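Descriptive analysis of the structure
Here is what each chain is made of, one letter per residue.
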Amino acid sequence: TLCLAVTLYLMLPIFDGSDAVFRSILVPLFRQRESLLLKDAKKLAKNMVLQLPKDRHSEAGQAAAAAFLEEAKKLDAEQAGGGSAAAATSQ
């Protein structure tokens, strides 16, 4: 029964188990996280180009890039400020 449960989890799309196993176990194991993220970004860019009108491509691309940079800056600020706070609370 365990084998059947694992098979169902991995194969049924409602659980999204195969994607979870692939992304959270296999990708980090083989150090391919950055490659997978870049592939996902290219897919997203292609979908944006296909779904948005041509006159919105430039603005949408700039907005997506700005969102990425904003998240990166937030994370950097949290790590810079949170790193010293975390060290102080652990002592």
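Just above sits the structure.
First things first, this report covers the structure right here in the doc. (Residues numbered from 1 in each chain as written. Predicted model: local features only at pLDDT ≥ 70, side-chain atom pairs only at ≥ 80, totals over all residues. Heavy atoms only, no water.)

This structure, assessed with the given rule, holds four salt bridges. Between Asp40 and Arg23 there is a salt bridge, with its nearest N and O atoms 2.8 Å apart. Residue Asp40 is located in helix α3 (residues 33–51), and its partner Arg23 is located in helix α2 (residues 17–29); the two are separated by 17 residues in the primary sequence. A residue is classified by how much of its surface remains accessible, and Arg23, at 29% relative accessible area, is partly exposed. One salt-bridge network, held together by shared partners, links Asp19, Arg23 and Asp40. (Salt bridge = Lys/Arg side-chain N within 4 Å of Asp/Glu carboxyl O. Helix = DSSP H or I, 4+ residues; strand = E, 2+ residues; numbered from the N terminus. Buried < 20%, exposed > 50% of the residue type's maximum accessible area, 1.4 Å probe, protein only.)

The terminal C-alpha atoms of α2 lie 17 Å apart, and with 13 residues this matches the ideal 18 Å at 1.5 Å per residue to within 8%. A maximum bend of about 30 degrees is found in α2 at Arg23. Just downstream of α2 lies Arg31, where phi reads positive at about 55 degrees. (Expected span 1.5 Å × (residues − 1). Bend = angle between axes of the 7 residues up to and from the residue.)

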